[in-house]
Amino acid sequence: MLSSSAGTIGIFVSTTGSSSPQIRQQGSTMPFGNTHNQMKMKFASEQEYPDLSKHNNHMAKILTPALYERLRSKQTPSGFTLDDVIQTGVDNPGHPFIMTVGCVAGDEETYEVFKELLDPVIEDRHGGYKPSDKHKTDLNPSNLKGGDDLDSNYVLSSRVRTGRSVRGFCLPPHCSRGERRAVETLSIEALASLSGDLKGKYYALKNMTEAEQQQLIDDHFLFDKPVSPLLLASGMGRDWPDARGIWHNDNKTFLVWVNEEDHLRVISMQKGGNMKEVFERFCTGLTKIETLFKERNHAFMWNEHLGYVLTCPSNLGTGLRAGVHVKLPNMSKHAKFEEVLKKLRLQKRGTGGVDTAAVGGVFDISNADRLGFSEVELVQMVVDGVKLLVEMEKKLEKGQSIDDLMPAQK
Amino acid sequence: GLILCFSVHLYVARVKPSPPCFHSIRGASSPTLPSTCHSLPAEKKKLKMASSFSRILSSKRKIQILSLVGGSVTAGFLLHRDHVSAGGVPVRRSYPASAEYPDLRKHNNCMASHLTPAIYAKLCDKATPNGYTLDQAIQTGVDNPGHPFIKTVGMVAGDEESYEVFADLLNPVIKERHNGYDPCTMKHPTDLDSSKIHSGNFDAKYVLSSRVRTGRSIRGLSLPPACTRAERREVERVVVEALAGLKDDLAGKYFSLTQMTDEEQQQLIDDHFLFDKPVSPLLTCAGMARDWPDARGIWHNNDKTFLIWINEEDHTRVISMEKGGNMKRVFERFCKGLKEVERLIQERGWEFMWSEKLGYILTCPSNLGTGLRAGVHVKLPRLSKDPRLNSILNNLRLQKRGTGGVDTAAVGGVFDISNLDRLGLSEVQLVQTVIDGVNYLIECEKKLEKGQDIKVPPPLKYFK
């Protein structure tokens, strides 16, 4: 306790203008309404335990009064507590048909300190992924077979996205304004060094002109302040639009969101069906960005077990969603559409993204998995799966049966 | 034990001593808490607090308060220890105040007007005994820049002590919001003697309904932005238990939001009693909607003229209302009900948050003092079209709203007219102001009906 290492005793150091990190008062600097965790300990665990009787999310399925009691006295070194992890799941009971995750991480250590809760949540969400499993990372696009010839009469556009977190900084639910701004500054610096077809420009949300804003909306690049209560309840919307922004290359095929739901969301996209090219640019860009961050002494959060660490447990591993906008007016009306998607390990969304409806028979089809498969494996599933779906669509157009095309479970 | 004492002293030496944790109790001759409450070793402080409170509180309650306050100092120490034992794990990087200062250039709320970088630097590392911080208090104002025409407050209190610990920011905010009321030099008058009201029975041809509302907070429990689930449930328990003791025309029933049946819910909607989960970002950004609908509910008397909301924007919101224009009777019931509820909670060792300088303490600084909004729904079709209406209202210290409440439009010439002020004037004074003002408005309407001209009245003198 009385060791001499700097900052262990003098908690209330409020220096200004100092360049070396100082230790701020821990625990009580909890953003978003939670009081000092130790104060809560004065109440019995049953008195604090949330009412989850009407809830249907992964967190509510796993959390028990006994588990709550064991974990509630803990906090991560940055002061993120159990109640912080689960607040979004308490505030959003969920949907009878859609199973949301119901918890978030405030920093990298959350996944360690609260593993008793998060490991079963991860296992449930990611198809039985065990605490002892190891996750493969493969960002070598030459390992992808095919993918350059999806029929652009049907496949209107191709897109791959993932997220990255910068090690040493708290995640969007928990970060302070200072941290968020530091992530932005670092990102701008790193992205400014990209060259060739990746050369681009940063647009800070709070500084952009009307003209820039309109252009970004027209390009479908601009992201808004989150309105989903799932995100807002976890504190990700605080201080909007401070330190949020969009970077994209001059060709408008490579895009980075800064400080939305994650530190960075990296997106590669283009019209048409050349998923291979999209994935190549994705891998090249990501690898370059990682190198640039490393040159500035910042790694991405990653470990052998969870792969890339992101805010939502659903995005662990690859954090990758590779998808296409594809015209499937006949296939989508087929009785076995859902079954086929399930067998191919794909999911459908409307063309506005998650929680939107399909318009004109055009669907967003993407991989359902994130963790336990490598990036290459997931993109391969999308490429092969979409190819099959388009074949089925063509057959249905001609009035033929698709029974002989039904795939096996991947 | 020795280590505990030593480290607490060290801890305090680097910190400016916080103000007293609890304010003096209104009217009682009980002593205030010694201002040295943080400079004593933890064990001694517990004993000292015990003697101060033993006269006022039951023993069960006492233990809770002691643990709440005594625990936070110990807790601070425990945090030290946790932090050190984390060993080589990288700790959260920290930034100077200048790097954390919010960008308020596009903001138009009271907090933004008064939060200078200097004040931010002074307060950003402080916390109330419960651990509530400046960043939490101002979050709603940072997230909601405001409207060019409407100036919102932009900050909330997480507990009673927020008004002391963050006084450097809250006092100027209070001053701006409440017409120059200075908490440092002025005292707020509380007066719930409804017999002092005169001519409070309006012409029912014009006044459709009358209503008085206020809020009350339970001392010792954190406010809605900061409370834990256990604290919120405790507020519910304390208040519901007390309300069960109300009798005669005040006897009633509690409807918990988590347990009400569909029929009960429909009835409450039809009666216009049911409140929903807040959607206004002003409230949700402050954290008041957490854990909804846990420990929220509505109590009302069988006559449906006295209503209490539990754990919405404040611990309690107390409402007296009836159809027609008998504002005096509405206020009589209001005062009687409030005093009864206070007596009932005091019997059980609790009390309302109140101080001489701020009056009744509520979550939003705009509701300090009386927390009182007395209003009517009044038909003023001709006056509503008169361009002088706003000046008349202003000089009478009244405000207009639509009949759906704040942020709604007037329908069919029917307005919600209520007092503008909350702090610096007593309940009796404010209600009388509304009565006199509404009488004047009705006179104007009658004049306009007869084709006569009306006059803008001279502005009312305020407490200055």
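On a predicted model such as this, the values are computed, not experimentally measured, just so you know. (Residues numbered from 1 in each chain as written. Chains lettered and ligands numbered in written order. Predicted model: local features only at pLDDT ≥ 70, side-chain atom pairs only at ≥ 80, totals over all residues. Heavy atoms only, no water.)

## Looking at the domain arrangement of chain A
Residues and elements named next belong to chain A. Once the domains are mapped, chain A shows domain 1 (42–126) and domain 2 (141–398). A separation of 27 Å is found between the C-alpha centroids of domain 1 and domain 2. Together, the buried faces of domain 1 and domain 2 total about 1800 Å²; carbon and sulfur atoms form 65% of this surface. Considering only the side of domain 1, the residues that lose the most area to domain 2 are Glu108, Tyr111 and His126, jointly responsible for 36% of the buried surface there. Taken together, domain 1 and domain 2 are joined by one salt bridge. Where domain 1 packs against domain 2, one counts eight residue pairs in polar contact (both at pLDDT 80 or more). Residue assignment for the side of domain 1 that touches domain 2 shows that the elements contributing at least two residues are α5 (82–91) and α7 (115–125). Here the element with the most residues in the side of domain 1 that touches domain 2 is α7; it accounts for four residues. (Domains from an automatic or database assignment. Buried area = accessible area lost by both parts, 1.4 Å probe. Salt bridge = Lys/Arg side-chain N within 4 Å of Asp/Glu carboxyl O. Polar contact = N/O pair within 3.5 Å; in protein donor to acceptor, adjacent residues only side chain to side chain. Helix = DSSP H or I, 4+ residues; strand = E, 2+ residues; numbered from the N terminus.)

## Regarding the sheet that holds strand β9 (residues 346–349) of chain A
Residues and elements named next belong to chain A. Here we have eight strands laid out as an open sheet, ordered β2-β3-β4-β5-β1-β8-β10-β9, and antiparallel in their pairing. Two strands close off the open sheet at either side, each with one partner strand: β2 (200–204) and β9. The average angle at which neighbouring strand axes cross in this sheet is 20°, direction not considered. In this structure, β9 lies alongside strand β10 (residues 362–367), joined through four bridges in antiparallel fashion. Bridged to arginine 349 within β10 is aspartate 364. Relative to the sheet, helix α13 (residues 375–397) contacts β1 (155–164), β8 (321–327), β9 and β10, its axis offset from that of β8 by approximately 10°. (Pairing = 2+ DSSP bridges. Axes fitted to C-alpha atoms, helices over the stretch in contact; angles between N-to-C directions. Contact = heavy atoms within 4.5 Å.)

## Side note on the environment of A:Asp219
All names here are of chain A. Along the chain, aspartate 219 falls in the loop between α9 (210–218) and α10 (229–232). By relative accessible area, which is 18% here, aspartate 219 ends up buried. As for aspartate 219 and lysine 54, which are separated by 165 residues in sequence, their C-alpha atoms are 41 Å apart. (Buried < 20%, exposed > 50% of the residue type's maximum accessible area, 1.4 Å probe, protein only.)

## Concerning the environment of B:Trp299
All names here are of chain B. The topology assignment puts tryptophan 299 in strand β3 (residues 297–301). A residue is classified by how much of its surface remains accessible, and tryptophan 299, at 2% relative accessible area, is buried. C-alpha of tryptophan 299 to C-alpha of glycine 413: the two residues are 114 residues apart in sequence and 32 Å apart in space. Tryptophan 299 has contacts with Leu243, Leu246, Leu250, Ala251, Gly252, Lys253, Tyr254, Phe306, Leu307 and Ile308, leaving out every residue within four places of it along the chain.

## Re unusual backbone geometry
Excluding glycine, residues mostly carry a negative phi; peptide bonds, for their part, are mostly trans. The omega angle of the peptide bond from A:Trp240 to A:Pro241 is 0°, so this bond is cis rather than trans. Tracing the sequence through the fold places A:Pro241 in the loop between α10 and β3 (245–249). The linkage connecting B:Trp292 with the following residue, B:Pro293, adopts the cis geometry, with an omega of 0°. Counting through the fold element by element, B:Pro293 comes out in the loop between α12 (281–284) and β3. Unlike most non-glycine residues, A:Asn259 shows phi in positive territory, near 65°. One can find A:Asn259 in the loop between β4 (254–258) and β5 (264–271). The backbone of B:Lys304 sits at a positive phi, close to 60°, despite the residue not being glycine. With respect to the element layout, B:Lys304 can be found in the loop between β3 and β4 (306–310). B:Lys304 sits in the partly exposed class, given a relative accessible area of 31%.

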